[in-house]
Amino acid sequence: MYKHLIFTLTIAIPLTKVLSLECYVCENQEDNNEKCVKTIRACEYNQDVCLTEIKWGSTPYWSQGAKKQYYISKRCSNKTECAMTRQRNMNLCTHIWYQDWVCSDCCLGDRCNYYIIFCHSFYNPTDSGAVQITQSNLDMVLASNEVVFINFYAEWCKFSNMLMPIFDDAAEEVSKAGYDPGKVVMGKVDCDKEGAVATRFHITKYPTLKLFQNGLPAKKEYRGQRSAEAFADFIKKQLTDPVVTFGALKELHDLSEDKRHIIGYMDRRDQTEYQVLRRVAASLKDECLFHAGFGDASQQMHPPGQPIVVFRADRKTSTEPDETFNGNLQSFDELYSWVQEKCIPLVREITFENAEELTEEGLPFLILFHDPSDTESVKKYKEIISRELEDEKQNINFLTADGVRFEHPLHHLGKSISDLPLIAIDSFRHMYLFPDYSDMEKPGMLKQFLLDLYSGKLHREFHYGPDPAQVAVNTGVKVTTPPESTFKKLAPSKNRYTLLRDEL
Ligand SMILES: *[C@@H]1O[C@H](CO)[C@@H](O)[C@H](O)[C@H]1NC(C)=O
């Protein structure tokens, strides 16, 4: 009997060791390092998946400047339990930086939960007609095609595998459409095999669909429908001429008043300057409308052989005369940066639709939260920004927000709709309130607020109280329950995953 027991133990232990799954384990860690990547556990015999949960939020309480951070947990689980956890969390998995969210992921295989990478259900994944892209052909493909649309996938991701056949059908449809060579390629990257490519484009979830135009990644991720038809339409749209031709100058009199325009006065369609304008337009067509006239249509506007390009502000808010580009029209880079500067306004409105893109620009936000009926504060804010803070635009994103729609961030600040208008900085980690809205009009005050962010003063004061000689801010914080998000479809963004980026 005794002997038998020893026998059982000696073979049972090594067997468990060999057969059991190993997962990384950690509980509510701030980052995906230390414990989360060093502690490994052999799972129980009936545990067959590794579960990862990532939470984002400010804890334990909402308060002015409360730190927002990740809380990462990893453990052994089984398929049923993990799927249930995932399902429960999916609704909360918004990745919206100003809300609290939680996401979870299940993976198979020893130590598969080292990275926190999302295999994302917003896409239905595929594989066949698309060109396999690798480190060795990538640059060639990007350089030699006007439009490249790439599916970054991982074979272990169910959603990648679902998208694969659809994407391939689309690729076949696109190749049947008979575009000229050099126009378009639909490609796919196996991110497990091509780690370097995936890292280069900061791929943190599968599948990810990225569009490249003239070798540059488009600012916006593809967020349309995942069907072969929708993909093919999308490609077609990318390839239609982004520059509208006008046949007579008078057509320029009734351009849309609430849009910004770039107008080219050209000699001929085949001149280099026009090709450059077209390429710039392809990349920035969402920011401005582009127009061009050739020969007789525009000969009054420029000396023969010297095409010019001008910017026309939106007539609704500006009466400035058209402004001529003085740089080299044969240089894509020069024209691109000028058009970008002209077409992207200094102060923009943040909405649920563009929040992710704005976040991807990676700059902290200075936000004016206002009542939707209050346009006066918006006007003043814009004036002050353009008068005093124009030279800060490389460092800060100047935004306005409808304080009623964006009520949630107000709670982070311990404020509510009745406190509008308010100004705050959101550094993606913390929100800081500009103490007194009316101080905005005192010259230099907003600038000082930004300087206090850069110098770390705002952060320091949050942790250690006001620097000497500072008046304490009102701390009568009202704790409120954040509303359920109705905007769950926003996809995640690389910039919010500082830890992922550092890791990969
Ligand atoms: C999965 O794990 C949960 C929680 O530990 C447990 O209650 C359940 O019985 C397990 N299911 C299976 C199929 O092992």
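Please read all numbers here as calculations on a predicted model, not as lab measurements.

Section: the overall build of the chain
Moving on, step 1. Each helix and strand counted, the chain has 15 helices and 23 strands in total.
Moving on, step 2. Expressed as a percentage of the 504 residues in the chain, the buried residues total 33%.
Moving on, step 3. Sequence separation of 24 or more characterises 76% of the internal contacts of the chain that already satisfy a separation of 6 or more.

Some thoughts on the sheet that holds strand E15 (residues 261-266)
Moving on, step 1. In space, the five strands of this open sheet follow the order E14-E16-E15-E17-E18, with mixed pairing throughout. Lying at the two open borders of the sheet, with one neighbouring strand each, are strand E14 (243-245) and strand E18 (323-324).
Moving on, step 2. Pairing analysis gives three bridges linking E14 to strand E16 (residues 289-294), with the strands arranged parallel. For Thr 245, the partnering residue across the bridge sits in E16 and is Ala 292.

Details of the environment of Thr 351
Moving on, step 1. Locating Thr 351 in the fold gives a position in the loop between strand E19 (347-350) and helix H10 (355-360).
Moving on, step 2. On the basis of neighbour counts, which here come to 14 C-beta atoms within 10 Å, the residue Thr 351 falls in the partly exposed class.

With respect to the site of the ligand
Moving on, step 1. Within the structure, the ligand sits among Asn 46, Asn 78, Thr 80 and Glu 81.
Moving on, step 2. A breakdown of the residues in the shell around the ligand according to their chemical character gives no nonpolar, three polar and one charged.

Side note on the environment of His 261
Moving on, step 1. Tracing the sequence through the fold places His 261 in strand E15.
Moving on, step 2. For His 261, a count of 21 C-beta atoms within 10 Å puts it in the buried group.
Moving on, step 3. Residues His 261 and Cys 288, spaced 27 residues apart in sequence, show a C-alpha to C-alpha distance of 5.2 Å.
Moving on, step 4. Other than its neighbours up to four places away in sequence, His 261 contacts Leu 255, Cys 288, Leu 289, His 291 and Arg 312.

A few points about the confidence of the model for the chain
Moving on, step 1. Averaged over every residue, the pLDDT of the chain is 79; the share at 70 or more is 82%.
Moving on, step 2. No element of the chain has a lower mean pLDDT than helix H15 (residues 498-503), which averages 28, and none a higher one than E15, which averages 96.
Moving on, step 3. Contacts of residues 1-17 to residues separated by more than four positions or lying in other chains number two contacts, the stretch itself having pLDDT below 50.
Moving on, step 4. Predicted confidence is poor over residues 470-504, with pLDDT under 50, and the contacts of this stretch with residues over four places away or in other chains come to 63 contacts.

Examining the nonpolar core
Moving on, step 1. Counting residues in hydrophobic clusters, the biggest one holds 32 residues, and the most contacted among them are Phe 152, Phe 167, Ala 170 and Cys 191.
Moving on, step 2. Looking at this core, the elements that each hand over two or more residues are strand E9 (147-153), helix H5 (158-176), strand E10 (184-190), strand E12 (208-213) and helix H7 (228-239).
Moving on, step 3. At eight residues, H5 tops the list of elements feeding residues into this core.
Moving on, step 4. Formed by 27 residues, the second largest nonpolar core is a distinct cluster that contains Phe 365, Ala 401, Leu 410 and Leu 420.

What about the sheet that holds strand E20 (residues 365-370)?
Moving on, step 1. The sheet built from five strands is open, its strands ordered E19-E21-E20-E22-E23 with mixed pairing. Every interior strand has two partners, whereas the edge strands, E19 and strand E23 (431-433), have only one. On average, each strand axis in the sheet is tilted by 30 degrees relative to the strand beside it, whichever way the strands run.
Moving on, step 2. Sheet topology note: the strand E22 (residues 422-426)/E23 ladder contains three bridges and is antiparallel. Residue pairing in the sheet places Asp 426 in a bridge with Met 431 of E23.
Moving on, step 3. Packing against the sheet, helix H11 (residues 376-388) makes contact with E19, E20 and strand E21 (397-402), and its axis sits at approximately 155 degrees to E20.

Quick word on helix H8 (residues 272-284)
Moving on, step 1. Over its 13 residues, H8 runs 18 Å from end to end, which matches the ideal 18 Å to within 8%, given 1.5 Å per residue.
Moving on, step 2. Those residues of H8 that sit buried are Glu 273, Tyr 274, Val 276, Leu 277, Val 280, Ala 281, Ala 282 and Leu 284.

Considerations on the packing of H5 against H7
Moving on, step 1. Running from amino to carboxyl end, H5 crosses H7 at an angle of 45 degrees, the nearest separation of the two axes being 8 Å. Between H5 and H7, the crossing angle belongs to the class labelled oblique. Both H5 and H7 take part in a crossing whose hand is right-handed. The residues of H7 that touch H5, namely those facing Ile 166, Phe 167, Asp 169, Ala 170, Glu 173 and Val 174, are Ala 228, Phe 231, Ala 232 and Ile 235.
Moving on, step 2. For the contact of H5 with H7, the class distribution of residues is eight nonpolar, no polar and two charged.

Describing the packing of H8 against helix H9 (residues 332-343)
Moving on, step 1. Packing of H8 against H9 leaves a shortest axis separation of 10 Å and a crossing angle of 45 degrees. Here H9 runs oblique to H8, going by the angle between their axes. In the packing of H8 onto H9, the handedness of the crossing is right-handed. Contacts between H8 and H9 pair Val 276, Leu 277, Arg 279, Val 280, Ser 283 and Leu 284 from the former with Phe 332, Leu 335, Tyr 336, Val 339, Gln 340 and Cys 343 from the latter.
Moving on, step 2. For the contact of H8 with H9, the per-class residue count stands at nine nonpolar, two polar and one charged.

Description of unusual backbone geometry
Moving on, step 1. Residue Pro 421 follows Leu 420 across a cis peptide bond; omega there is -5 degrees.
Moving on, step 2. By secondary structure assignment, the location of Pro 421 is in the loop between helix H12 (407-412) and E22.
Moving on, step 3. In this structure, Asn 28 takes a positive phi of about 45 degrees despite not being glycine.
Moving on, step 4. Position of Asn 28 relative to the elements: it lies in strand E2 (residues 26-29).
Moving on, step 5. On the neighbour-count criterion, Asn 28 (11 C-beta atoms within 10 Å) is exposed.

As for the pairing of E16
Moving on, step 1. Judged by how many residues are buried, E16 sits mostly within the fold: five of six residues are covered.
Moving on, step 2. Sheet topology note: the E15/E16 ladder contains six bridges and is parallel. Residue pairing for E16: Met 266 is matched across the bridge by Phe 294.
Moving on, step 3. For the handedness criterion, the β-α-β arrangement of E15, H8 and E16 is classed as right-handed.

Criteria and cut-off values
- Here the residue numbers are simple positions, counted from 1 along each chain's written sequence.
- Selection of residues for local features in this predicted model requires a pLDDT of at least 70, selection of side-chain atom pairs for listing and counting requires 80 or more, and totals for whole chains, interfaces and linings are taken over all residues.
- The helix count covers DSSP runs of H or I at least four residues long, the strand count covers runs of E at least two residues long, and both are numbered beginning at the N terminus.
- Working definition of burial: number of other C-beta atoms within 10 Å of the residue's own, with buried at 20 or more, exposed at 12 or fewer, and partly exposed in between, all C-beta atoms being placed from the backbone.
- We call two residues in contact whenever the C-beta atoms placed from their backbones are within 7 Å.
- Each pair of strands is called paired provided DSSP finds at least two bridges between the two strands.
- In this text, near has one meaning. A residue is near a molecule or strand if its C-beta atom, placed using the backbone, is within 6 Å of it.
- Here the term charged refers only to Asp, Glu, Lys and Arg, the term nonpolar to Ala, Val, Leu, Ile, Met, Phe, Trp, Tyr, Cys and Pro, and the term polar to all other amino acids, Gly among them.
- A residue's pLDDT is simply how confident the predictor is in it, with values from 0 to 100.
- The term nonpolar core refers to a group of buried residues, namely Ala, Val, Leu, Ile, Met, Phe, Trp, Tyr and Cys, whose C-beta atoms join them within 7 Å.
- Fitted lines through C-alpha atoms give the axes, limited to the stretch in contact for helices. The angle between two N-to-C directions lies from 0 to 180 degrees.
- Multiplying 1.5 Å by the residue count of a helix minus one yields the expected span of that helix.
- Reported orientations rely on four angle classes, namely roughly parallel under 35 degrees, roughly antiparallel over 145, roughly perpendicular from 65 to 115, and oblique for the rest.
- Handedness of a crossing is defined here by the sense of rotation of the near helix relative to the far one, left-handed for an anticlockwise turn of less than a right angle and right-handed for a clockwise turn.
- For a crossover, the right-handed case is the one in which the path from the first strand over the helix to the second runs clockwise, viewed with the strands pointing away from the viewer.

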